[in-house]
Amino acid sequence: MLEQIREPLLAWYRENKRQLPWREEPTPYHVWVSEIMLQQTRVEAVKEYYTRFLQALPEVKDLAQCPEEQLLKLWEGLGYYNRVRNMQKAAIEIVEKYGGVMPADYEKILALPGIGSYTAGAVSSIAYGIPRPAVDGNVLRVITRITENPEDILKQSTKKKVETALQEIMLEDCPGDFNQSLMELGATVCVPNGMAKCEQCPVAQMCQAHAHKTVLEYPKKTPKKQRKIEERTVLVIQNGQEFAISRRPPKGLLAGLYELPNREGYLSEEEILSYVKDLHLLPLHIREAGEAKHIFSHVEWRMKGYFIKVAATEEKKVGSLIFVDRKESRGKYPIPSAFSAYRKFIEEDF
DNA sequence: AACACGGGGGG
DNA sequence: CCCCCAGTGTT
């Protein structure tokens, strides 16, 4: 039954596909970069990053050799920073084991760091014409609606079943277009949050949910648990024309990125001043720099900021703090957007 | 199977 | 405010 979707979907895709940067020259490297960027990330957000990234690193070997600092800078603001670290690990592996060319083999692609079944299927099918499914959130939504499948799409067993079902109906002929047609339909027609444009859908006639007017009930998913809330105190420490940043640990949230110094909990001004003194810095003034909130997928930071001016020091490194020139540092250190509310204080003076 | 891991656009 | 996005790795 499901195989009936093939032809109408392909025909629809050829007429309606969007023109996207990574569709212009779908080499394995280009497809790979785009697919990694597109993980949990919207097309619109990816476009500029994609172009800039490939301009800086046109080939796999450039990625393999890129300094970490520049790599993170290219990724700054995209989120999920392990994506780019894993991509570099994979690039190094591709250079060492495969002569700098992504292998044309699903299993070998799947074995690369940062590549799971979705990305392996996408790269295999789009770049190499290998008939493997690429099941992402769009595809899960489209297929569970067409088949009126009540299983929880957040369960990997459901994803596995959809992959198997699609593998069985895939032909050798243009698997990349077939996969992309499902994703494109999900992204532009069979959209989430109850506004599906069924009147535009090339497979509405064979859609169970459409037939039974239950489209809004799909896909089924278990409610996600609520975010943890963390209170933090953020410090903008100014030393003349310099301000303090520090590097985050190599693992965990925002690994390896730079940040404004910050502490768990809401500290009193006295506690902040004694913290600054413990760093062997002499605080001259302190004032509030306002409150800010930043929401991650699994945690929410509620921040109170303080602006602190310290007596001049020549030291560039004080404990874990690094004093950097506020102008010259601007394009240099990747600082996540969680701190964007306090960036303006860096430019300010008392 | 559950959780960690960013950030932003849209209702 | 909530949803969810061309998901993967770790535990």
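This structure is a prediction, so every number in the text was calculated from the model and none was measured. (Residues numbered from 1 in each chain as written. Chains lettered and ligands numbered in written order. Predicted model: local features only at pLDDT ≥ 70, side-chain atom pairs only at ≥ 80, totals over all residues. Heavy atoms only, no water.)

1. Some details on the protein's contact with DNA strand C
Within the structure, DNA strand C sits among 29 residues, and Arg23, Gln40, Arg42, Gly114 and Asp136 are positioned closest to it. Backbone atoms, meaning sugar and phosphate, make up 67% of the atoms of DNA strand C lying within 4 Å of the protein. A distance of 2.7 Å separates a phosphate oxygen of DNA strand C from a polar atom in the backbone of glutamine 40. Contact distances for DNA strand C include 3.1 Å between a sugar or linking oxygen and a side-chain N or O atom of asparagine 193. Secondary structure elements with two or more residues in the surface near DNA strand C: helix H2 (28-38), helix H8 (117-128), helix H9 (137-146) and helix H11 (175-188). (Near = heavy atom within 4 Å. Polar contact = N/O pair within 3.5 Å; in protein donor to acceptor, adjacent residues only side chain to side chain. Helix = DSSP H or I, 4+ residues; strand = E, 2+ residues; numbered from the N terminus.)

2. Here we look at H8
Relative to the 16 Å expected for twelve residues at 1.5 Å per residue, H8 spans 15 Å between its end C-alpha atoms, a close match to the ideal helical length. Burial analysis of H8 places ten of its twelve residues in the buried class, the great majority of the element. Looking at H8, one finds that the buried residues are Tyr118, Thr119, Ala120, Gly121, Ala122, Val123, Ser124, Ser125, Ile126 and Ala127. Its buried side turned inward, H8 meets H2, helix H7 (106-110), helix H10 (156-169) and H11. Looking one or two places after H8, you find glycine 129, whose phi comes out positive at around 70 degrees. (Expected span 1.5 Å × (residues − 1). Buried < 20%, exposed > 50% of the residue type's maximum accessible area, 1.4 Å probe, protein only. Contact = heavy atoms within 4.5 Å.)

3. Notes on the side chain of asparagine 262
Here asparagine 262 is to be found in strand S4 (residues 262-264). In this structure asparagine 262 comes out as buried when scored by relative accessible area, which is 13%. Among the polar contacts listed, one links the side chain of asparagine 262 to the side chain of glutamate 259, at a separation of 3.1 Å. Looking at asparagine 262, its side chain comes within polar contact range of the main-chain oxygen of leucine 260, at 2.8 Å. Apart from residues lying up to four places away in sequence, asparagine 262 is in contact with Arg232, Thr233, Val234 and Phe339.

4. Quick notes on the side chain of glutamate 148
Position of glutamate 148 among the secondary structure elements: in the loop between H9 and H10. Those residues within four positions of glutamate 148 in sequence are excluded, and the remaining contacts are Ile143, Gln208, Ala209, His212, Thr214 and Tyr218.

5. Here's the deal with the protein's contact with DNA strand B
Neighbouring residues of DNA strand B: 20 residues in total, closest Thr41, Arg42, Tyr81, Gln156 and Leu254. The sugar and phosphate moieties of DNA strand B supply 54% of its atoms located within 4 Å of the protein. One of the side-chain N or O atoms of arginine 42 is found 2.8 Å from a base nitrogen in DNA strand B. The separation between a base nitrogen of DNA strand B and a polar side-chain atom of serine 297 is 3.5 Å. Each residue belonging to the surface near DNA strand B can be placed in one class, and the counts come to eight nonpolar, ten polar and two charged. (Nonpolar A, V, L, I, M, F, W, Y, C, P; charged D, E, K, R; others polar.)

6. Concerning the nonpolar core
By size, the foremost hydrophobic cluster in this structure holds 98 residues, and its most contacted members are Ile5, Trp32 and Phe53. Domain assignment of the residues forming this core places at least three in each of domain 1 (2-217) and domain 2 (228-347). Among the nonpolar cores identified, the runner-up in size contains 16 residues, and Leu267, Tyr275, Ile286 and Ile308 belong to it. (Core = buried A, V, L, I, M, F, W, Y, C linked by side-chain atoms within 4.5 Å. Domains from an automatic or database assignment.)

7. Re the pattern of salt bridges
Applying the stated criterion across every chain yields a total of 19 salt bridges. Across the pair arginine 132 and glutamate 107 runs a salt bridge whose closest N-O atoms are separated by 3.6 Å. Residue arginine 132 is located in the loop between H8 and H9, and its partner glutamate 107 is located in helix H7; the two are separated by 25 residues in the primary sequence. In this structure, the salt-bridge partner of glutamate 300 is arginine 302, at a minimum N-O distance of 3.0 Å. A relative accessible area of 35% places arginine 302 in the partly exposed class. One continuous salt-bridge network, built from bridges that share partners, spans Arg18, Arg23 and Glu184. (Salt bridge = Lys/Arg side-chain N within 4 Å of Asp/Glu carboxyl O.)

It is worth stressing that arrangement in space is one thing and function is another; only the former is reported here.
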